4 protein chains.
Amino acid sequence: MLGYRFMGTAHSRALGAVRQLGAALEPDLVSICGRDPEVLEEARARLGWAEATTDWHEQVADDRVGLFVNGGPNALHAEPTIAAARAGKHVLCEKPLALSAGEAHTMWRAAEDAGVVHATGFNYRFVPAVRLARKLVQSGELGEIVHFRARYLQSWGWDAPPDDWHFDPSVAGTGALGDLGAHSIDLARHLVGEIRSVSATVRTFVPGRRLDDSFVATVEFDNGATGTLEASRLARGRINHNAFELNGTKGSVAYDQERMNELQISDGGAFRTVLEHGDWWPPGHIIGWGDTFTYEYLHLLNAIAGEGAVPPDGATFEDGYRCALVCDAILRSSQSGAKEMP
Amino acid sequence: MLGYRFMGTAHSRALGAVRQLGAALEPDLVSICGRDPEVLEEARARLGWAEATTDWHEQVADDRVGLFVNGGPNALHAEPTIAAARAGKHVLCEKPLALSAGEAHTMWRAAEDAGVVHATGFNYRFVPAVRLARKLVQSGELGEIVHFRARYLQSWGWDAPPDDWHFDPSVAGTGALGDLGAHSIDLARHLVGEIRSVSATVRTFVPGRRLDDSFVATVEFDNGATGTLEASRLARGRINHNAFELNGTKGSVAYDQERMNELQISDGGAFRTVLEHGDWWPPGHIIGWGDTFTYEYLHLLNAIAGEGAVPPDGATFEDGYRCALVCDAILRSSQSGAKEMP
Amino acid sequence: MLGYRFMGTAHSRALGAVRQLGAALEPDLVSICGRDPEVLEEARARLGWAEATTDWHEQVADDRVGLFVNGGPNALHAEPTIAAARAGKHVLCEKPLALSAGEAHTMWRAAEDAGVVHATGFNYRFVPAVRLARKLVQSGELGEIVHFRARYLQSWGWDAPPDDWHFDPSVAGTGALGDLGAHSIDLARHLVGEIRSVSATVRTFVPGRRLDDSFVATVEFDNGATGTLEASRLARGRINHNAFELNGTKGSVAYDQERMNELQISDGGAFRTVLEHGDWWPPGHIIGWGDTFTYEYLHLLNAIAGEGAVPPDGATFEDGYRCALVCDAILRSSQSGAKEMP
Amino acid sequence: MLGYRFMGTAHSRALGAVRQLGAALEPDLVSICGRDPEVLEEARARLGWAEATTDWHEQVADDRVGLFVNGGPNALHAEPTIAAARAGKHVLCEKPLALSAGEAHTMWRAAEDAGVVHATGFNYRFVPAVRLARKLVQSGELGEIVHFRARYLQSWGWDAPPDDWHFDPSVAGTGALGDLGAHSIDLARHLVGEIRSVSATVRTFVPGRRLDDSFVATVEFDNGATGTLEASRLARGRINHNAFELNGTKGSVAYDQERMNELQISDGGAFRTVLEHGDWWPPGHIIGWGDTFTYEYLHLLNAIAGEGAVPPDGATFEDGYRCALVCDAILRSSQSGAKEMP
């Protein structure tokens with residue numbers, strides 16, 4: 001694994017817990033990579049990895065490594081991941097997959113050409129309530145989808161220091177768009193289908209910031225549905241409000257990440273608050289954000305073992321690429337003032 | 001008063017109750033006008049009007065009439081209202097003020113030229129929780145506004161008969177846009193300020209419908225804030241979900257018409273659920289939708305009496321006109337695929 | 001009517017609005033009675049009564065009066081109401097019906113003997129969501145009831161002045177028990193049935209208070225259900241939290257007065273949030289606390305007209321008496337430390 | 001560890017994850033014990049234990065074992081736990097600690113006499129929102145506590161098979177009281193203080209059941225506060241509704257286990273919905289039910305290492321015993337119909 005901070009912690013924890021879910025493969029934590037040797041060693045011990053290295057090339061060359069997990073900075077997604085795939089390792093890379101759609105496309109093609117299993121870290125697909133939403137869409141219980149609206153609102157952007165890496169173009173690529181909006185876009189594609197056009201305004205409100213801290217967009221889907229997308233790091237009172245609502249001809253669902261064990265479901269009548277947290281624990285014993293990674297690994301390890309994806313529907317590098325296409329179209333639309341196609 | 005159905009009932013009830021709030025003038029219910037004599041007579045008796053007529057010209061010519069209330073079909077807003085204003089009567093006209101921005105402008109100028117008090121029926125301005133939101137904006141407690149998002153969602157559109165007047169262009173002018181969207185646009189202007197540009201998609205989903213049943217839009221305000229607006233009559237599970245959220249540099253508020261006695265308030269930290277229902281009843285004894293009209297009349301009658309508007313900030317015909325400009329820009333943007341200025 | 005403050009305002013408003021609901025009789029506001037002539041005259045004008053008097057005997061002797069409404073202090077419930085009933089007037093008396101169960105019984109018998117229509121002002125029976133709850137119970141959709149839990153929590157008790165009449169035994173009789181608990185007890189009886197035994201602790205927390213500011217109780221119903229009842233004026237953060245939940249063998253409902261247009265309904269599965277506000281306005285246009293009185297008068301006037309009670313199920317003086325029996329048993333249990341029968 | 005089903009899974013997962021939280025000791029999973037060899041071996045592999053045995057005496061005699069975790073049936077709590085303590089092993093035993101208060105007392109004294117660290121598995125003490133509630137109480141921010149109300153409602157009792165072990169006296173001891181009520185009682189003691197008296201009705205509604213499926217109780221605390229406690233497995237629509245509310249002279253808090261990352265906080269005014277999920281993840285990334293065990297082990301391992309309890313305030317065997325005293329008093333009160341002292 002490359003990366004040892006927030007994402008490194010989340011991935012390590014999930015790799016240790018996935019055994020309980022009965023994954024087809026059992027992971028060995030071979031090697032963790034980072035830049036700062038001292039902090040890295042502390043992380044290695046705390047997160048339970050056997051070895052640590054400051055050079056990812058060693059991991060790519062290591063025969064013991066079967067899966068390369070990239071949880072490093074966005075700017076360090078493409079090169080190591082492509083190298084790992086070319087070395088025959090399966091690859092899981094965090095989102096946003098790359099700094100641009102072009103770079104994401106290169107990663108996708110490289111992984112495809114290498115014939116390895118590739119996954120983009122859209123972990124929210126594995127939230128049981130989101131999976132239930134998708135099931136209701138695919139079974140036809142909601143009818144044909146007419147509207148999708150999503151917003152991902154946080155508030156820490158007001159107080160972030162000027163040199164926060166989240167706002168550094170060379171590290172992060174984009175701001176709220178790639179960090180938060182990418183999740184909403186992936187859920188839009190996952191639940192409704194491909195996006196045909198976007199019309200957007202991307203905005204940096206805080207003086208001195210080099211990357212966007214918010215955007216608003218309307219979207220049209222290939223299937224005719226309309227929608228709104230919005231993300232902001234400047235919404236006071238909102239902590240991690242990743243919410244969406246989906247209206248079909250027969251019913252609706254609504255979701256909020258801060259209450260991620262609940263799905264609001266309308267079968268045409270009043271919304272019910274359904275507790276949906278998978279089958280890890282008995283009814284009503286909710287799971288946490290970290291558990292979405294465990295389900296992600298259950299899916300990935302089973303896919304690698306060729307046993308079929310359980311739970312299904314994880315995001316591949318193609319999904320990472322198609323999400324990046326929408327992000328790029330949103331940026332173009334904001335500049336042109338017109339609708340743009342991804 | 002012209003009109004005796006939904007709006008006629010709401011206005012009559014409020015005219016009878018406004019006395020309790022200590023309005024500077026006490027209304028006499030002189031005459032009600034409608035087309036169908038039989039139904040009209042039943043309504044007259046039930047709603048408490050002294051006389052009924054099928055010809056609004058009689059009301060306009062009636063010296064006893066000091067205030068002309070137009071709660072009739074949208075297509076019947078302009079002519080009688082202008083005639084009443086020219087006859088020196090104060091005028092209150094329901095929203096949308098007219099079938100187009102041009103017609104609304106004519107009404108506004110006519111009322112101004114006649115020197116009468118004119119009001120557009122944006123009753124949601126008089127919801128105590130909305131007034132609290134405005135107070136928090138104007139006092140600076142929320143700081144400068146950066147985002148506004150509003151949605152007005154209903155679901156009856158799926159089941160409405162093909163000949164429902166709401167979808168008849170000659171009667172209603174527009175569909176969800178003028179009926180629902182107009183409220184959101186007025187609240188946007190009331191709380192944030194003038195809208196500089198819109199980018200929108202207006203859509204008719206139900207086959208055979210002659211007017212829009214939904215729209216999505218992004219907006220930019222003169223003060224730099226960005227926002228999203230959306231309305232639909234096709235959102236299953238939503239009954240009268242007129243909701244908005246407003247984020248400022250210091251705090252936020254969120255509101256939902258279905259829980260119209262509550263305002264969610266963040267002073268930068270976690271949202272509080274504040275019960276705000278005015279001072280009619282003791283704390284916690286909530287008011288209803290119909291009571292917003294009573295407050296509207298309190299404001300209007302005090303304005304007519306020249307005692308100053310209490311509560312302040314009602315919508316004039318200018319507000320009705322400026323709202324119509326935004327509606328027209330939304331329609332244009334949907335056709336052009338580009339940003340449009342109101 | 002006797003009384004012109006809080007209850008006087010609520011009753012006057014409802015008497016003026018009930019016409020819209022199509023009541024079988026149309027009320028004339030003949031005379032209002034109070035002690036302070038100056039304030040009374042102001043109230044008379046504001047509330048729309050033809051005459052004012054400081055002597056209720058005049059009203060009782062007035063042939064024009066067909067219905068005597070007692071919204072005065074608790075200590076003034078019995079004598080004028082009994083006199084009015086004996087004079088052949090129909091009577092509506094606010095809750096708690098009397099200062100003790102014995103006094104309530106006398107009122108009930110007097111009204112019965114006089115053959116007049118008698119009603120106790122348990123207005124929450126007329127909340128549409130409460131009526132829906134009762135309908136679900138009576139239709140058997142919830143199955144047999146096993147649990148009922150109610151709490152009525154406010155917080156103003158901390159800050160009330162020492163001489164507040166709510167805590168004056170000679171005026172109010174009891175404190176939180178008769179004021180708030182009476183509502184919960186009436187709803188318990190209305191929805192579940194007669195209470196067989198109570199076990200309670202009644203407590204005065206604020207030093208110097210002469211009446212209780214809270215109580216807790218467990219109850220057993222004749223039909224075998226168990227329950228908890230609680231009321232307090234000392235629950236910080238609670239404004240008018242009159243809430244109950246009812247569990248049956250097949251389903252459950254939950255209600256909160258602060259969101260009185262909603263009923264949480266479980267048919268065995270997840271709770272749905274059902275908007276239920278009667279048919280005054282279109283769906284989603286909620287009613288307010290004051291409107292419950294209008295429905296109360298619709299019921300009462302129809303009952304007086306002999307047209308059958310629509311909506312049904314109002315509280316009679318017998319209900320006021322039986323509620324008082326439970327209140328008395330709660331007080332006895334708190335003293336004895338044992339279960340007591342009403 | 002003894003036990004390999006629900007509790008075995010929860011404990012194993014937490015023992016594997018506690019490393020991430022920086023516990024002073026790192027657990028080795030030495031041996032797991034159960035009755036059915038086949039199922040046990042599957043569990044051993046899935047849960048990550050080195051060895052399995054069907055005889056807990058082996059574990060007690062095993063020098064490698066430093067901590068004995070008892071997650072087995074209630075009837076198997078006392079003997080193995082006492083034996084382990086006497087063998088010098090630290091002990092963690094699930095709740096309810098024993099089948100009766102007497103048995104619990106024996107366990108407590110045995111652990112004390114052996115000088116080992118002892119813990120009762122009241123994991124809800126380690127929910128970050130509950131810890132915040134306790135901090136607000138102890139810091140005096142809520143003032144003096146006047147009311148505590150708790151209910152723990154589930155609904156699976158209607159559909160459980162007649163031979164479900166939860167209703168078998170020889171295995172479970174008590175029904176809803178010991179299983180659900182014990183949690184509420186522990187939280188009451190933890191947050192408010194010792195309970196002076198109870199008045200309760202314990203009831204078995206489902207015919208043929210040998211243990212209670214619900215109870216209701218009022219309580220008085222040593223510090224003068226009053227409260228209600230209730231638990232049921234028969235509350236349709238409720239899944240794992242472990243909720244409490246606490247009112248003080250200055251403020252209040254309210255909590256619901258189904259939304260365990262939220263604490264409703266009133267500082268005297270309107271309630272705020274505060275997201276409180278500890279510091280494992282960034283703000284707004286919630287934890288799950290399983291994570292409460294990880295915090296429990298962080299506490300326990302630090303206590304064993306003598307580094308002080310971080311987080312503090314776990315439940316000892318004394319707490320398990322004092323909770324059992326209250327349970328026994330509730331049973332006695334239900335039989336006597338009078339107040340009983342624990």
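See the structure shown above.
First, a word on what this report is: a plain description of the structure on this page.

Conventions used here
- Just so you know, the residues in each chain are numbered from 1, in the order the chain's sequence is written.
- Chains carry letters from A onward and ligands carry numbers from 1 onward, assigned in written order.
- Per-residue local features of the predicted model are confined to residues with pLDDT of at least 70, and side-chain atom pairs are confined, for both listing and counting, to 80 or more; whole-chain, interface and lining totals are unaffected and use all residues.
- Side-chain figures throughout are based on the complete set of non-hydrogen atoms in the structure, without hydrogens or water.
- Contact criterion: two residues are considered in contact whenever any of their non-hydrogen atoms come within 4.5 Å of each other.
- Reported buried area values correspond to the accessible surface (1.4 Å probe) lost by two parts on association, with both partners' losses combined.
- Whenever a carboxyl oxygen of Asp or Glu lies within 4 Å of a side-chain nitrogen of Lys or Arg, that contact is scored as a salt bridge.
- Under this definition, polar contacts are N or O atom pairs within 3.5 Å; protein pairs additionally need one hydrogen-donor-capable and one acceptor-capable atom, and for neighbouring residues in sequence, both atoms have to be side-chain atoms.
- Every helix listed is a DSSP run of H or I at least four residues long, and every strand listed is a run of E at least two residues long, numbered separately from the N terminus.
- Here the term charged refers only to Asp, Glu, Lys and Arg, the term nonpolar to Ala, Val, Leu, Ile, Met, Phe, Trp, Tyr, Cys and Pro, and the term polar to all other amino acids, Gly among them.
- Least-squares superposition aligns the copies on the C-alpha atoms of those residues with pLDDT at or above 70 in both.
- For two strands to be treated as a pair, DSSP must find at least two bridges joining them.
- A clockwise path from the first strand over the helix to the second, with the strands pointing away from the viewer, defines a right-handed crossover.
- Working definition: a ring pair exists when centres of Phe, Tyr or Trp rings (six-membered ring for Trp) sit within 6.5 Å. Plane angles under 30 degrees give stacked, over 60 give edge-to-face, the rest tilted.
- Type-normalised accessible area, obtained with a 1.4 Å probe on protein chains alone, sets the label of each residue: buried when under 20%, exposed when over 50%, and partly exposed for intermediate values.
- By definition, being over a ring means that NZ of Lys or CZ of Arg is both within 6 Å of the ring centre and within 35 degrees of the ring normal.

A few points about the interface of chain D and chain C
(1) Moving on: Residue-level contacts link 42 residues of chain D with 42 residues of chain C.
(2) Moving on: For the pair chain D and chain C, the summed buried area comes to about 3,400 Å², and 52% of that belongs to carbon and sulfur atoms.
(3) Moving on: Of all residues in chain D, His 147, Arg 149 and Arg 236 of chain D bury the most surface against chain C, accounting for 16% of the area lost on that side.
(4) Moving on: Inspection of the region where chain D meets chain C yields 6 salt bridges.
(5) Moving on: Linking chain D to chain C there are 18 residue pairs in polar contact (both at pLDDT 80 or more).
(6) Moving on: Of all the secondary-structure elements, those providing two or more residues to the side of chain D that touches chain C are strand 6 (145-153), strand 7 (195-203), strand 8 (214-221), strand 9 (226-232), strand 10 (241-248) and strand 11 (252-256) of chain D.
(7) Moving on: Residue composition of the side of chain D that touches chain C, by class: 12 nonpolar, 20 polar and 10 charged.

Regarding the environment of Thr 218 of chain D
(1) Moving on: With respect to the element layout, Thr 218 of chain D can be found in strand 8.
(2) Moving on: Separated by 64 residues in the primary sequence, Thr 218 of chain D and Gln 154 of chain D place their C-alpha atoms 20 Å from one another.
(3) Moving on: If we skip the residues at most four places from it in the chain, Thr 218 of chain D touches Ser 199, Val 216, Ala 217 and Thr 218 of chain C together with Ser 197, Val 198, Ser 199, Gly 227 and Thr 228 of chain D.

Points about the pattern of salt bridges
(1) Moving on: Taken as a whole and assessed by the stated rule, the structure comprises 100 salt bridges over all chains.
(2) Moving on: Across the pair Glu 220 of chain C and Lys 339 of chain C runs a salt bridge whose closest N-O atoms are separated by 3.2 Å. Pair noted here: Glu 220 of chain C is in strand 8 (residues 214-221) and Lys 339 of chain C is in the segment after helix 10 (317-336), with a separation of 119 residues, a long-range link.
(3) Moving on: As a salt-bridge pair, Glu 245 of chain C and Arg 238 of chain D come within 2.6 Å of each other at their nearest N and O atoms. Within this pair, whereas Glu 245 of chain C is found in strand 10 (residues 241-248), its partner Arg 238 of chain D is found in the loop between strand 9 and strand 10, the two belonging to separate chains.

Regarding the relation of the copies chain D and chain A
(1) Moving on: The two copies are related by a screw motion: chain D maps onto chain A through a turn of 180° and a shift of 0.0 Å along the axis, at an RMSD of 0.0 Å. One copy is carried onto the other by what is essentially a two-fold rotation axis. Relative to the rotation axis, the closest C-alpha in chain D is found at Gly 288 of chain D, a distance of 1.9 Å.
(2) Moving on: Looking at chain D, 100% of its interface residues are interface residues in chain A too, so the copies touch through the same face.

Points about the pairing of strand 3 (residues 67-70) of chain C
Residue and element names in this part refer to chain C.
(1) Moving on: Here strand 3 runs beside strand 4 (residues 90-93); their pairing, made up of 4 bridges, is parallel. Within the sheet, the bridge partner assigned to Leu 67 lies in strand 4 and is His 90.
(2) Moving on: In terms of handedness, the path from strand 3 via helix 4 (residues 78-86) over to strand 4 forms a crossover that is right-handed.

Focus on the packing of aromatic side chains
(1) Moving on: Counted under the stated rule, the structure contains 44 aromatic pairs over all chains.
(2) Moving on: Between the aromatic rings of Phe 148 of chain A and Phe 221 of chain A, the centroid separation amounts to 6.2 Å while the plane-to-plane angle is 85°, which identifies the pairing as edge-to-face. A residue pair is termed long-range when its members are at least 10 positions apart, and Phe 148 of chain A in strand 6 (residues 145-153) and Phe 221 of chain A in strand 8 (residues 214-221) qualify at 73 residues.
(3) Moving on: Its relative accessible area of 0% is what places Phe 148 of chain A among the buried residues.
(4) Moving on: What makes Phe 221 of chain A buried here is its relative accessible area of 1%.
(5) Moving on: For the ring pair Trp 289 of chain A and Phe 293 of chain A, a centre distance of 4.9 Å and an interplane angle of 65° mean the geometry is edge-to-face. Pair check on accessibility: Trp 289 of chain A and Phe 293 of chain A agree, each one buried.
(6) Moving on: In this structure an aromatic cluster arises from ring pairing among Phe 6, Trp 289 and Phe 293 of chain A together with Trp 280, Trp 281 and Tyr 295 of chain D.
(7) Moving on: The ring of Phe 167 of chain A has Arg 233 of chain A sitting right over it, with the charged end atom 4.8 Å from the ring centre.
(8) Moving on: Above the ring of Trp 108 of chain D, the side-chain terminus of Arg 109 of chain D is found at 4.9 Å from the ring centroid.

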